[in-house]
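Residue-level listing of the chains:
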Amino acid sequence: MDAPAIFTEADFYQQSFDPQAYLKEYYSMSDSREGANVFLTQNLKSLHKMFSLDELRGGTLIDVGCGPTIYQLLSACERFQEIIALDYTDQNRRELERWLRNEAGAFDWVPVVKYVCELEGDREKWAEKQEKVRKKVKQVLKCDVTRANPTGAVSLPPADCIVSTLCLEGACKDLPTFRSALRNIGTLVKPGGHLVLVTVLGETYYAFNKQVFSCLRLEKHEVEAAVEAAGFEVTFSEAQPYTVSEERMDCRGTLGLVARRRPSV
Ligand SMILES: C[S@@+](CC[C@H](N)C(=O)[O-])C[C@H]1O[C@@H](n2cnc3c(N)ncnc32)[C@H](O)[C@@H]1O
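The name an unreviewed UniProt entry gives the protein is Nicotinamide N-methyltransferase, with Pipra filicauda as the organism. Recorded under Sequence similarities (unreviewed entry), the UniProt text for the protein is reproduced unchanged: "Belongs to the class I-like SAM-binding methyltransferase superfamily. NNMT/PNMT/TEMT family."

Pasting the structure below:
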């Protein structure tokens, strides 16, 4: 499989991203899909590690490019009082809201929630954690990371922390756009607040449901330099090789990064 000839940007997501197919392909956790679980468990462990850091706690957390997923909030919800989730694509925000309202047909996150509870030391707390996420997510709003003001007419008070998983490398066609998107989302966090990033490294495409999406091929040092240039100080950065060979993506590694926004001058 090859990367698309033209980089698939936000409008392509709006037209072609099927949230249920995405969830089924990347977030179904089962013993029969051992290889497929590696990508997910690697990212869950990284989020668990980062949201165990002392400095990561506070009032508000904004999830940028949340998609239809909640796994990125499972460790975070223990550290922040309120969560606001943002994404460009209408159907992804709707799918997330379906789960938040516990509607029939919403994706079953229980195996993933149990896995994170086990990382935290008590697998039996899964129902409590699900309710915590459902209670803490206060708003699900549209955003565009390529805009200087990502939430447009809606103005949000700057958050204590922003988290973004697997979004910017899919939304940004080249390194200058990636760097400017980091500056844009940086405005959503208070000076002294934190950015938590999970990105894939060395990836040019990912696919599901016979649909291929572009990915900006990134190296660890490029992500770190872009985060620093956006006004943050990187305080934690850990890359892990991704060695599973699969048709659905050409990912070579994953990166978990924490940075602190510098005081404005
Ligand atoms: C690969 S999905 C990641 C979803 C989720 N964060 C996860 O970890 O699985 C990429 C997400 O980025 C969103 N996206 C793409 N372009 C965007 C843009 N310009 N602004 C905001 N979100 C965008 C898509 O709608 C999609 O939900």
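After that view of the structure, there is still more to cover.
Engineer: Can you lay out the overall build of the protein for me, pointing to particular residues and giving the numbers?
Structural biologist: Broken down by element type, the protein carries nine helices and nine strands. Considered along the principal axes of its C-alpha atoms, the protein spans approximately 55 × 45 × 35 Å. A separation threshold of at least 6 residues defines the contact pool for the protein, and within that pool the share at least 24 residues apart is 74%.

Engineer: An account of the site of the ligand is needed here, citing residue identities and associated values.
Structural biologist: The local shell around the ligand holds 21 residues, among which Gly67, Tyr88, Thr89, Thr165 and Ala171 are the closest. Broken down by secondary-structure element, the contributors of at least two residues to the shell around the ligand are α1 (10-16) and α7 (168-171). Taken together, the residues of the shell around the ligand sort by class into ten nonpolar, nine polar and two charged.

Engineer: Could you give an account of helix α9 (residues 220-229), with specific residues and numbers?
Structural biologist: Taken together, the buried positions of α9 are occupied by Val223, Ala226 and Val227. Looking straight down α9, one finds that the buried residues subtend no more than 100 degrees of arc, so they occupy a single side. Across α9 from its buried face, at more than 90 degrees, point the exposed residues His221 and Ala229. On its buried side, α9 packs onto α8 (175-186), β5 (189-201), β8 (232-241) and β9 (253-261).

Engineer: Tell me about the sheet that holds β9, residues and numbers included.
Structural biologist: Ordered by their spatial adjacency, seven strands build an open sheet running β3-β2-β1-β4-β5-β9-β8, and the pairing between neighbours is mixed. With partners counted over all chains shown, the strands left at the sheet margins are β3 (137-142) and β8, one partner each. Neighbour-to-neighbour, the strand axes of the sheet open up by a mean angle of 15 degrees, direction not taken into account. Its contacts with the sheet put α9 on β5, β8 and β9, and the angle it makes with β8 is roughly 165 degrees.

Engineer: Just give me the short version of the nonpolar core, but keep the residues and values in it.
Structural biologist: Judged by nonpolar contacts, the single largest core of 77 residues is most densely connected at Cys161, Ile162 and Val227. Here this core takes seven residues from β5, the largest share from any one element. Excluding residues that lie within four positions of it along the chain, Cys161 makes contacts with Leu56, Gly58, Leu61, Phe80, Val189, Gly193, His194 and Val196.

Engineer: Can you explain the UniProt feature "binding site: S-adenosyl-L-methionine" (unreviewed entry) in the protein? Please cite residues and give values.
Structural biologist: Within the UniProt annotation, "binding site: S-adenosyl-L-methionine" (unreviewed entry) is assigned to Tyr22, Tyr27, Tyr71, Asp87, Asn92, Asp144 and Val145. The annotated residues occupy 124 residues of the chain and do not converge on a single region, their most distant C-alpha atoms lying 24.0 Å apart. Using a count of 21 C-beta atoms within 10 Å as the deciding quantity, one classes Tyr22 as buried. Each residue touching Tyr22, except ones within four places of it in the same chain, is listed here: Phe17, Pro68 and Phe208. Summarising the element assignment, Asn92 is placed in helix α4 (residues 90-100). Assessed through the 24 C-beta atoms surrounding it within 10 Å, Asn92 is described here as buried. Setting aside anything within four residues of it in sequence, one finds Asn92 in contact with Phe17, Pro19, Gly67, Pro68 and Asp87.

Engineer: Hey, could you go over the packing of α8 against α9 for me, with residue numbers and the actual values?
Structural biologist: Where α8 contacts α9, the axes come no closer than 8 Å and their chain directions differ by 45 degrees. When the interaxial angle is binned, α8 and α9 end up oblique. Crossing of α8 over α9 shows right-handed handedness. Contacts from Leu175, Phe178, Arg179 and Leu182 of α8 reach α9 at Glu222, Ala226, Val227 and Ala229. For the contact of α8 with α9, the residue count by class is six nonpolar, no polar and two charged.

Engineer: How would you summarise the environment of Leu156 if you had to cite specific residues and measurements?
Structural biologist: Along the chain, Leu156 falls in the loop between β3 and β4 (159-165). Linking Leu156 and Ile62, residues 94 residues apart in sequence, is a C-alpha distance of 9.6 Å. Apart from residues lying up to four places away in sequence, Leu156 is in contact with Ile62, Ile84, Thr151 and Leu188.

Parameters and conventions
- Residues numbered from 1 in each chain as written.
- Predicted model: local features only at pLDDT ≥ 70, side-chain atom pairs only at ≥ 80, totals over all residues.
- UniProt positions renumbered as here; feature names shortened; annotations may be inferred.
- Helix = DSSP H or I, 4+ residues; strand = E, 2+ residues; numbered from the N terminus.
- Contact = placed C-beta atoms within 7 Å.
- Near = placed C-beta within 6 Å.
- Nonpolar A, V, L, I, M, F, W, Y, C, P; charged D, E, K, R; others polar.
- Buried ≥ 20, exposed ≤ 12 C-beta atoms within 10 Å, placed from the backbone.
- Arc of directions from axis to C-beta.
- Pairing = 2+ DSSP bridges.
- Axes fitted to C-alpha atoms, helices over the stretch in contact; angles between N-to-C directions.
- Core = buried A, V, L, I, M, F, W, Y, C linked by C-beta atoms within 7 Å.
- Parallel < 35°, antiparallel > 145°, perpendicular 65-115°, else oblique.
- Left-handed = near helix turned anticlockwise from the far one by under 90°.

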